Number of protein chains: 2
Amino acid sequence: MKIIRSREMLAAEIKGYQKKQQSIGFVPTMGYLHEGHLALVAAAKQENEIVVMSIFVNPAQFGPNEDLESYPRDEVHDRKLAEANGVDLLFIPSVEVMYPENLTAEIHVKQRISVLDGAARPGHFDGVVTVLAKLFHLVQPTNAYFGQKDAQQVAVVEGFVADYFFPVTIRVIPTVREQDGLAKSSRNVYLTAQERKEAAVIHEALVKAREQLSKTRDREAILANIRSFIDKQTTHHGMVYLDMYQYPSFEAVTDWMIRLLLPFVYNIRRPD
Amino acid sequence: MKIIRSREMLAAEIKGYQKKQQSIGFVPTMGYLHEGHLALVAAAKQENEIVVMSIFVNPAQFGPNEDLESYPRDEVHDRKLAEANGVDLLFIPSVEVMYPENLTAEIHVKQRISVLDGAARPGHFDGVVTVLAKLFHLVQPTNAYFGQKDAQQVAVVEGFVADYFFPVTIRVIPTVREQDGLAKSSRNVYLTAQERKEAAVIHEALVKAREQLSKTRDREAILANIRSFIDKQTTHHGMVYLDMYQYPSFEAVTDWMIRLLLPFVYNIRRPD
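One numbering rule holds for all chains: residues counted from 1, following each sequence as written. A letter from A marks each chain and a number from 1 marks each ligand, given out in the order of writing. Thresholds applied to this predicted model are a pLDDT of at least 70 for local features of residues and 80 or more for the giving and counting of side-chain atom pairs; totals over whole chains, interfaces and linings are not thresholded and use all residues. To obtain the side-chain values, all non-hydrogen atoms of the structure were included, while hydrogens and water were left out.

Q: Hey, could you go over the overall build of chain A for me, with residue numbers and the actual values?
A: The helix count covers DSSP runs of H or I at least four residues long, the strand count covers runs of E at least two residues long, and both are numbered beginning at the N terminus. When its secondary structure is counted, chain A shows ten helices and eleven strands. The C-alpha radius of gyration computed for chain A amounts to 19 Å, which stays within 12% of the reference 19 Å derived for 272 residues, consistent with globular compactness. Across its three principal axes, chain A shows a C-alpha extent of roughly 55 × 40 × 40 Å. In chain A, buried positions account for 52% of the 272 residues. Contacts in chain A between residues far apart in sequence, at least 24 positions, make up 73% of those at least 6 positions apart. In this setup the radius of gyration rests on C-alpha atoms only. A globule is expected at 2.2 Å times the number of residues raised to 0.38. A simple rule labels every residue: compare its accessible area, found with a 1.4 Å probe on the protein chains alone, to the largest value its type can have, and call it buried under 20%, exposed over 50%, or partly exposed in between. The contact definition used throughout considers only heavy atoms, calling two residues in contact when any of these lie within 4.5 Å.

Q: Got a sec to walk through the sheet that holds strand 3 (residues 50-55) of chain B? Specific residues and values, please.
A: Residue and element names in this part refer to chain B. Within the open sheet, the six strands sit side by side as 1-4-3-2-6-7. Their pairing is parallel. In this open sheet, the two edge strands, each paired with only one partner strand, are strand 1 (2-4) and strand 7 (169-173). In this sheet, neighbouring strand axes are inclined to one another by 25 degrees on average, regardless of whether the strands run parallel or antiparallel. What makes two strands pair is DSSP finding at least two bridges between them. Across three bridges, the pairing between strand 3 and strand 4 (residues 89-91) is parallel. Helix axes are fitted only over the stretch in contact, all axes being lines through C-alpha atoms; the angle between N-to-C directions runs from 0 to 180 degrees.

Q: Explain the UniProt feature "binding site: beta-alanine" (unreviewed entry) in chain A to me, and be specific about the residues and the numbers.
A: All names here are of chain A. Using the residue numbers shown here, the UniProt feature "binding site: beta-alanine" (unreviewed entry) corresponds to Gln61. Within the secondary structure layout, Gln61 lies in the loop between strand 3 (50-55) and helix 3 (75-84). Residue classification places Gln61 among the buried positions, given a relative accessible area of 10%. Not counting residues within four places of it along the chain, the set of residues in contact with Gln61 comprises Met30, Glu66, Arg121, His124, Gly127, Val128 and Val131. UniProt positions are given in the numbering used here, feature names are shortened, and annotations may be inferred rather than shown by experiment.

Q: So what's going on with the packing of helix 9 (residues 200-213) of chain A against helix 10 (residues 219-233) of chain A? Which residues, and what values?
A: Residue and element names in this part refer to chain A. Relative to each other, helix 9 and helix 10 sit at 150 degrees, their axes nearing to 10 Å. If you check the angle between helix 9 and helix 10, you find them roughly antiparallel. Crossing geometry of helix 9 relative to helix 10 is assigned as right-handed. Two secondary-structure elements touch here, helix 9 through Val201, Glu204, Ala205, Lys208, Ala209, Gln212 and Leu213 and helix 10 through Ile222, Asn225, Ile226, Phe229, Ile230 and Gln233. Class assignment of the residues belonging to the contact of helix 9 with helix 10 gives a composition of eight nonpolar, three polar and two charged. Here the word oblique covers every angle except those under 35 degrees (roughly parallel), over 145 (roughly antiparallel) and from 65 to 115 (roughly perpendicular). Two helices cross in a left-handed way if the nearer one is turned anticlockwise from the farther one by less than a right angle. They cross in a right-handed way if the turn is clockwise. Residues are grouped as follows: Ala, Val, Leu, Ile, Met, Phe, Trp, Tyr, Cys and Pro are nonpolar; Asp, Glu, Lys and Arg are charged; every other residue, Gly included, is polar.

Q: Lay out the sheet that holds strand 4 (residues 89-91) of chain A in plain terms, naming residues and giving numbers.
A: Residue and element names in this part refer to chain A. The six strands are arranged 1-4-3-2-6-7 in an open sheet whose pairing can be described as parallel. Because the sheet does not close on itself, it has two edges, and the strands there are strand 1 (2-4) and strand 7 (169-173). Looking at each pair of strands side by side, their axes are set apart by 25 degrees on average, direction ignored. The sheet contact formed by strand 1 and strand 4 spans three bridges and is parallel. Bridged to Ile3 within strand 4 is Leu90. Helix-sheet contacts for helix 2 (residues 35-47) involve strand 2 (24-29), strand 3, strand 6 (143-147) and strand 7, and the interaxial angle to strand 6 is about 155 degrees. Contacting strand 6 and strand 7, helix 7 (residues 151-163) crosses the sheet at an angle of about 170 degrees to strand 7.

Q: Got a sec to walk through the UniProt feature "binding site: (R)-pantoate" (unreviewed entry) in chain A? Specific residues and values, please.
A: All names here are of chain A. Mapped onto the present numbering, the UniProt feature "binding site: (R)-pantoate" (unreviewed entry) falls on Gln61 and Gln153. For this annotated set, covering 93 residues, all C-alpha atoms fall within 11.4 Å of each other, a compact arrangement in space. Structurally, Gln153 can be placed in helix 7. Here Gln153 falls in the buried class, since its relative accessible area comes to 17%. If sequence neighbours within four positions are ignored, Gln153 has contacts with Phe125, Val128 and Phe146.

Q: I'd like a description of empty space enclosed by the protein, backed by residues and values.
A: Each cavity reported here is a set of points on a 1 Å grid over the protein atoms alone in which a 1.4 Å probe fits but cannot get out, each pocket an open set with protein on both sides within 12 Å along at least five of seven lines, and each lining residue one with an atom within 4 Å of a point. Grid points are joined across faces, edges and corners, and a volume is the space filled by probe spheres set on the points. This model, assessed by the stated rule, comprises one cavity of 30 Å³ or more. Computed from the structure, the largest cavity encloses a volume of approximately 50 Å³. If you go around the largest cavity, the residues you meet are A:Ile107, A:Ala133, A:His137, A:Phe160, A:Tyr164, A:Phe166, B:Ile107, B:Ala133, B:His137, B:Phe160, B:Tyr164 and B:Phe166. The class makeup of the residues in the lining of the largest cavity is ten nonpolar, two polar and no charged.

Q: Before we move on, can you summarise the interface of chain A and chain B with the specific residues and values?
A: Listed by partner, the interface residues are 32 residues for chain A and 32 residues for chain B. As a working definition, buried area equals the accessible area (1.4 Å probe) given up by two parts on being put together, with both sides summed. Around 2800 Å² of area is buried between chain A and chain B when both sides are counted, 59% of it from carbon and sulfur atoms. Note on definitions: salt bridges are taken to be side-chain nitrogens of Lys or Arg within 4 Å of carboxyl oxygens of Asp or Glu. Here chain A is connected to chain B by zero salt bridges. Between N or O atoms, a polar contact is any pair within 3.5 Å; within protein, one atom must be a potential hydrogen donor and the other a potential acceptor, and residues adjacent in sequence are included only when both atoms are from side chains. Connecting chain A to chain B are 19 residue pairs in polar contact (both at pLDDT 80 or more). Looking at the side of chain A that touches chain B, the elements that each hand over two or more residues are helix 1 (7-19), helix 4 (95-98), strand 5 (105-109), helix 6 (124-139) and helix 7 of chain A. A class-by-class count of the residues in the side of chain A that touches chain B yields 15 nonpolar, ten polar and seven charged.

Q: Which residues make up the relation of the copies chain A and chain B, and what are the values?
A: Take chain A, turn it by 180 degrees, move it 0.0 Å along the axis, and it overlays chain B with an RMSD of 0.0 Å. Both copies of the chain, as the preceding transformation shows, are related through a two-fold rotation axis. Ranked by how close their C-alpha atoms come to the rotation axis, the residues of chain A are headed by A:Ile107, at 2.2 Å. To superpose the copies, least squares is applied to the C-alpha atoms of every residue with a pLDDT of at least 70 in both.

Q: Describe the pairing of strand 7 of chain A, listing the residues and the values that go with them.
A: Two faces make up the sheet, and in a regular strand the side chains alternate between them. All names here are of chain A. By the bridge criterion, five bridges tie strand 6 to strand 7 in an arrangement that is parallel. Residue pairing for strand 7: Tyr145 is matched across the bridge by Arg171. Seen with its strands pointing away from the viewer, a crossover is right-handed when the path leading from the first strand over the helix to the second is clockwise. On the question of chirality, the crossover connecting strand 6 to the parallel strand 7 by way of helix 7 is right-handed.

Q: Break down the nonpolar core for me, with residues and values.
A: Definition of nonpolar core: a set of buried residues of the types Ala, Val, Leu, Ile, Met, Phe, Trp, Tyr and Cys, connected through side-chain atoms within 4.5 Å. Counting 98 residues, the largest nonpolar core has A:Phe91, A:Met98, A:Phe136, B:Phe91, B:Met98 and B:Phe136 as its most contacted members. Residues in contact with B:Met98, not counting those within four places in the same chain, are A:Phe165, B:Phe56, B:Phe91, B:Pro93, B:Val131, B:Lys134, B:Leu135 and B:Leu138.

Q: Lay out the domain arrangement of chain A in plain terms, naming residues and giving numbers.
A: Residue and element names in this part refer to chain A. For the purposes of this description, domain bounds are those given by an automatic or database domain assignment. Along its sequence, chain A is carved into domain 1 (2-173) and domain 2 (191-266). One C-alpha centre belongs to domain 1, the other to domain 2; they are set 28 Å apart. Every contact between the two is made by twelve residues of domain 1 and, on the other side, ten residues of domain 2. Carbon and sulfur atoms supply 66% of the area that domain 1 and domain 2 bury against each other, a total of about 890 Å² over both sides. Between the two partners, domain 1 and domain 2, sit zero salt bridges. At the junction of domain 1 with domain 2, the criterion picks out three residue pairs in polar contact (both at pLDDT 80 or more). Among the secondary structure elements, those contributing two or more residues to the side of domain 1 that touches domain 2 are helix 5 (116-120) and helix 7. With five residues, helix 7 is the single largest residue contributor to the side of domain 1 that touches domain 2.

Here it is as structure tokens:
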């Protein structure tokens, strides 16, 4: 596995793959790899000749009171996991490599972000698409891999890629869960033992909501039931939102036949 | 020469060039071709194996009171000129092909636009970089060709391409002028016979300004001289601005050793 830290050396490697007409599968990450990331790598491995992973904790997608400083990092472990799982090229740029100068032009997400993380984390998705535009141009992937766990991110990225005709196919891979149903996430390390135990309620509540959806279309009733279920199952929780939206517009549910989304999020800020 | 109007057919052609490892020179235009465009084609022809030209009058870069409707168009003539000058692929998309849906994310130019066209035409450069992002992703050029005539556009495009690491080299080609020095421009057809005659003053004034720059660093004096020169040589003029800036920042001149820009612009609105 090659480890590359500069744009110039990455460009030379990518040119080499293109000369050999090799397809490139790209897995952009913020590191602290877990089985969710590895599922993306496995899909990339299966569908492409070359797998490129990036590890970059992107400051542009963190708000001023968020966890940029404390976001978990473990490069040595990440390198071992990436190599063991067949990553061909690991790109680990510094902030200076990714943001060498002030931007002449900024990208602002306008659709699909009026709710959930889009509302709770102003500028977050601007930072996501900004770094992805840069990474897509550097890596020039055939396919890029994202986890379904971050459903609003997937909707924004799919919209952005369609907007500007990026020559890449976005592949969305199902959420990988712990045994008790909690979605794997680098930020799970923030949970105390008690919180970790109670966090299983998130997936239980999702399953419960899906059951109810087969019986009723009463959005308010479902949400109230789920909220009371979560309240009962937990000693305390930092739930920021609980709601139900149409996918991928993230607008109110109007068409019950198409994909629904019922997300829960606990606070992304590191507990003091 | 192939004429292509759909994104899907363009993608197939581009894939074919990439399979053969052919370099692609790209000349984006709004059509109504003149020798300025043909100089871009000639440079592209010399430096690449394949030359792709686009003709698209991009609504996003026109303001509400500008000349979108009346912008000169002559597709039959353009096709002849493109073919005669060795263009391999001419892409002529409709507005629906380039803007199939509302954008999920918008691009806004923030630097290099506080003066000149950036100030006089709000949103103009947002429209320019938006359509270029789309075109660059569709054509995937090795090199893209722009005329030095539109100096602020060149500065914005170079900044934008550097911001997001687009894998394309921007090539800037010197302005092509009429015998009397007027820069070739599709919009010159808007001039009456009298205006066309007097328009030669623009280049004369630029030459005069360059002479004065070799003798003095007094910005105000140079601009006053040039303004009075233009006033004397013309019966009337629709000059929007006359100023002098540092290139490519388009900020006040502070470093006389680096590239200066002294632009004149007459009104881009079609005279009533």
